[in-house]
Amino acid sequence: MTGPALASLSPELLDVQRRWFDLPRREQDDLYAREFAAPFARDFSKLPLHGAPRDMPRPRALVSVLGLSWQPVALMAAWCRPERMLILCTDESLKVTPAGDGVISFIARVAGVKSEVIEHVRVGDPGEADIYRAVRDFLRRAKVPPREIFVDPTGGKKSMSASAALAGFLAGTPLVYVDYGQYHGPNRIPIAGTEYPRLLANPLEVMGDLELRDVFGAFNRSDFNEAERLAGRLAARVYEPREAECLERLARGYAAWDRFDFRAAHLALQEARDVLDRFADQGGWVWASTVRDALARNLPALHDLEQVPRRPDRIEAGVPLLAWYLAAAGRFLAVGKPSLAVLLTYAAVERYVDLCLWIDFKLDDEKPDYSLVDCKLDREKHHEAGRRLFGKEYRPRELDGPIMFTNGAQLLAALAPGRLAMDDLGLLMGLSSARNSCEYEHGFLPKIPKCEDVERYLQRAKLLIGRVCSSAEDLDHRLLDHRFPTLDLEEASIPTFPTHGERAEH
């Protein structure tokens, strides 16, 4: 671990430091206030924040705890130069008069910040609730992201420091501390002039895997919006947010894909891939290789989906969309959502029928011109297909209206048995019944389809759609290209970049 950088004292400050060693404690504080504080604060403000990521910016706001020692509050204020500052204090700490001055105005002068920038709040004893409210209200008034606010719990008694640190951690602010590089004598008295600012290690760097488990769990059950929310919350609370931000982009991309927004999905997943390529190896993200492999297949598949026209001019141009429906149905079935799986399987078959009727017979699904097939249609086969689909309820009728699931299947089976055979219609009848009975469709009391039934419908739908692919292997490859990755819950952990002690200095 690299040691902290300490200020290089001028000859004048070294002389004050030598005199400081020979004085009693109370007189040491007075000498520090009168001759040491202001010039040393300027040197202190130039020090790097020990333990911080290289690109961590200085904050716009600061919360400090003031005890009977005012020095750490003044020094951290000098380092931060905040636009707004909150000092948590007690009646006793406000009575301190360094160099005969009021402590708040003295801190402002030493730090080189305007007095109007600083507000202070008295807290009682016990003051935990007062501190929580004061920090919460200050963060609301500051109107800056928590990552741009530092909480410094150095001063004050233990309960105040602990309460301020807890409030800052829960809000997602970085925690900083004024530490000492050297101590003197058997009592280890901190030596004036060896103070330095440091970033307190974030517990999430060690325990963040608990939060990652929640992100991964939501992602793996296809709850991508929740995964995005959890990853975003984690990114706002860790000092090195790249891993969580990458997960946030991944979840956003797959959420867009899940809702058929292929363009937004493509953009978000390209961004995630770029972050992976730049930072994953350096950060040691153990889940990254699995996601990289998936993205290598997913991104070209998304590109193909973006290119699918509303009215394909050849059947191959519509196959990517059919494959996506089948892949999505399989994913929902795998995570225990059979109703969604049956809806998507139904949708895949319906689009298969629409595609075949359009490519082969130029029948538009919304406004079909049935005169185009009137002379080609074998009426007896058409009625036979109707009886297989509707059973005893089938009533022959003239071709009319838009093409839907059942009348489209009936028509295709009669016109092109190579696309849809009579033997396929019984299964389609079962698929239609399962879809119509589920909680998203018709009837008062829903009937949740059994997973084994949905699996059977899905496998038959794959065989059906495989007829318009170049081969069964072609469809298998397409389904693999549409497979979403799963995130490993066991191996992933934060820290994602060098640990606190290994980080490079500013």
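Residues numbered from 1 in each chain as written. Predicted model: local features only at pLDDT ≥ 70, side-chain atom pairs only at ≥ 80, totals over all residues. Heavy atoms only, no water.

### As for the side chain of Arg331
Among the secondary structure elements, Arg331 is positioned in helix α13 (residues 315–334). Of the polar contacts made by the side chain of Arg331, one reaches the side chain of Ser222; its length is 2.8 Å. (Helix = DSSP H or I, 4+ residues; strand = E, 2+ residues; numbered from the N terminus. Polar contact = N/O pair within 3.5 Å; in protein donor to acceptor, adjacent residues only side chain to side chain.)

### Here we look at the packing of helix α14 (residues 338–361) against helix α17 (residues 425–437)
Geometrically, a packed helix pair is captured by the angle between its two axes and the distance between the axes. Direction vectors running N to C along α14 and α17 enclose 135 degrees, while the axes themselves pass 9 Å from each other. On the basis of the axis angle, α14 is oblique to α17. Here α14 runs over α17; the crossing is left-handed. On α17, the residues touching Val342, Leu343, Thr345, Tyr346 and Val349 of α14 are Leu428, Leu431, Ser432, Ala434 and Arg435. A breakdown of the residues in the contact of α14 with α17 according to their chemical character gives 7 nonpolar, 2 polar and 1 charged. (Axes fitted to C-alpha atoms, helices over the stretch in contact; angles between N-to-C directions. Parallel < 35°, antiparallel > 145°, perpendicular 65-115°, else oblique. Left-handed = near helix turned anticlockwise from the far one by under 90°. Contact = heavy atoms within 4.5 Å. Nonpolar A, V, L, I, M, F, W, Y, C, P; charged D, E, K, R; others polar.)

### Some details on helix α19 (residues 472–481)
Residues spaced three or four apart along an α-helix face the same direction, because each turn holds 3.6 residues. Taken residue by residue, α19 has Asp474, Leu475 and Leu479 as its buried positions. All buried residues of α19 fall inside an arc of 135 degrees around its axis, so they share one side. Of the surrounding elements, those touching the buried residues of α19 are α13 and α18 (451–465). (Buried < 20%, exposed > 50% of the residue type's maximum accessible area, 1.4 Å probe, protein only. Arc of directions from axis to C-beta.)

### Regarding the sheet that holds strand β4 (residues 149–152)
The 4 strands lie next to each other as β3-β2-β1-β4, forming an open sheet whose pairing is parallel. Only two strands of the sheet have a single neighbouring strand rather than two, namely β3 (118–122) and β4. Ignoring strand direction, the axes of neighbouring strands in this sheet form an average angle of 15 degrees. Sheet topology note: the strand β1 (residues 61–65)/β4 ladder contains 4 bridges and is parallel. Note on β4: the bridge partner recorded for Leu62 is Phe150. Set on the sheet, helix α6 (residues 128–142) makes contact with β1, β2 (84–89), β3 and β4; between it and β2 the angle comes to about 170 degrees. (Pairing = 2+ DSSP bridges.)

### Looking at the confidence of the model for the protein chain
Per-residue pLDDT for the protein chain has a mean of 89; in total, 95% of the residues score no lower than 70. Every residue in residues 491–506 is under pLDDT 50, and counting partners more than four places away or in other chains gives 60 contacts. (pLDDT = per-residue confidence, 0-100.)

### Let's talk about the packing of aromatic side chains
Enumeration over the complete set of coordinates arrives at 23 aromatic pairs. Here the aromatic rings of Phe36 and Phe40 are separated by 5.2 Å at their centres, their planes lie at 25 degrees, and the arrangement is stacked. Of this pair, Phe36 and Phe40 both sit in helix α2 (residues 25–44), separated by 4 residues, roughly a single helical turn. Classification of Phe36 as buried rests on a relative accessible area of 1%. By the ring-pair criterion, three or more aromatic residues cluster together here, those being Phe219, Phe224, Tyr254, Trp257, Phe260, Phe262, Trp324, Tyr325 and Phe484. The positively charged end of Arg311 is found above the aromatic ring belonging to Trp358, 5.1 Å away from the centroid. One Lys or Arg, Lys362, reaches over the ring of Trp358 and ends 5.5 Å from the middle of that ring. (Phe/Tyr/Trp six-rings, centres within 6.5 Å; stacked < 30°, edge-to-face > 60°. Lys NZ or Arg CZ within 6 Å of the ring centre and 35° of its normal.)

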